[in-house]
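Below are the chains, spelled out letter by letter.
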Amino acid sequence: MSKKPIIQSPDLARAPSRRAIVLSLASATVASLSPWAVQAMSNDTTGILIEPASGNTVRVDMNNALQFVPDNITIKIGTTVEWHNLESYPHSVTADPALVQNPANSKLPPGAKAFNSGRINGGKSWRHTFTVAGAYHYFCIPHEGAGMLGTIIVS
Ligand SMILES: [Cu+2]
């Protein structure tokens, strides 16, 4: 029985170099951030409504784990929800069929207007008052694909 020569297998020789892997990861990161580049968000005030006289405000946090916390809440009609970005990654609070990738992630009750916070940087917050009852499914524009989704039931 002959001894196997010590050579690199063709498969290993064709495997991407460490540099190539790093470069492809870098491209993926740029691609995932690109919505901010093409989205004109900063001056969009759609959905910013006057706080109700009751002053009833519920808080939802956003974090670098790409989560709305809590991600599923039930509120009474007229309640204002205030989203706080606690960490560094920018997020958005968006329920707009025109801006969603997967239509299942953006649902509004009949008669409710679409809303979009625009970019919310770390340490910033944004609020929206819910005046139409029903189920709202909202998402974060740059992290929709990562599953940064939320639900609000207004009763
Ligand atoms: Cu996000």
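Numbering of residues starts from 1 in each chain and follows the order in which that chain's sequence is written. Predicted model: local features are reported for residues with pLDDT of at least 70 only, side-chain atom pairs are reported and counted for 80 or more only, and whole-chain, interface and lining totals are derived from all residues. To obtain the side-chain values, all non-hydrogen atoms of the structure were included, while hydrogens and water were left out.

A.B. asks: Hey, could you run me through the overall build of the chain in this one?
C.D. replies: Comment: elements are numbered from the N terminus, with helices defined as DSSP H or I runs of at least four residues and strands as E runs of at least two. From N to C terminus, the chain includes two helices and nine strands. Counting helices and strands in the order they occur from the N terminus, the chain gives α-α-β-β-β-β-β-β-β-β-β. Every one of the 155 residues in the chain was classed for burial, and the buried ones make up 34%. Residue contacts follow a heavy-atom distance rule, with two residues in contact if any of their heavy atoms lie within 4.5 Å. The contacts of the chain with a sequence gap of at least 6 include a subset with a gap of at least 24, amounting to 68%. Only the protein chains shown count as covering a residue, and every accessible area follows the Shrake-Rupley method with a 1.4 Å probe. Of the roughly 9500 Å² of accessible surface on the chain, a fraction of 58% belongs to carbon and sulfur atoms. Between buried and exposed lies partly exposed: a residue is buried under 20% and exposed over 50% of the maximum accessible area for its type, with that area taken using a 1.4 Å probe on protein chains only.

A.B. asks: Looking at this structure, I do not really get the coordination of the copper ion. What am I missing?
C.D. replies: Reference geometry at the metal: tetrahedral coordination by four donors gives ideal angles of 109.5 degrees; octahedral coordination by six donors gives 90 or 180 degrees. In this structure, His 91 (ND1), Cys 140 (SG), His 143 (ND1) and Met 148 (SD) serve as the protein donors to the copper ion, at separations of 2.0 to 2.4 Å. Metal sites are built from N, O and S donor atoms within 2.8 Å, or 3.2 Å for Na, K and Ca, and they leave out water, so they may look incomplete. Sequence spacing of the donors to the copper ion: H-x48-C-x2-H-x4-M. Residue His 91 is located in the loop between strand E4 (80–85) and strand E5 (94–95), and its partner His 143 is located in the loop between strand E8 (134–139) and strand E9 (149–154); the two are separated by 52 residues in the primary sequence. By relative accessible area, His 91 is classed as buried at 0%.

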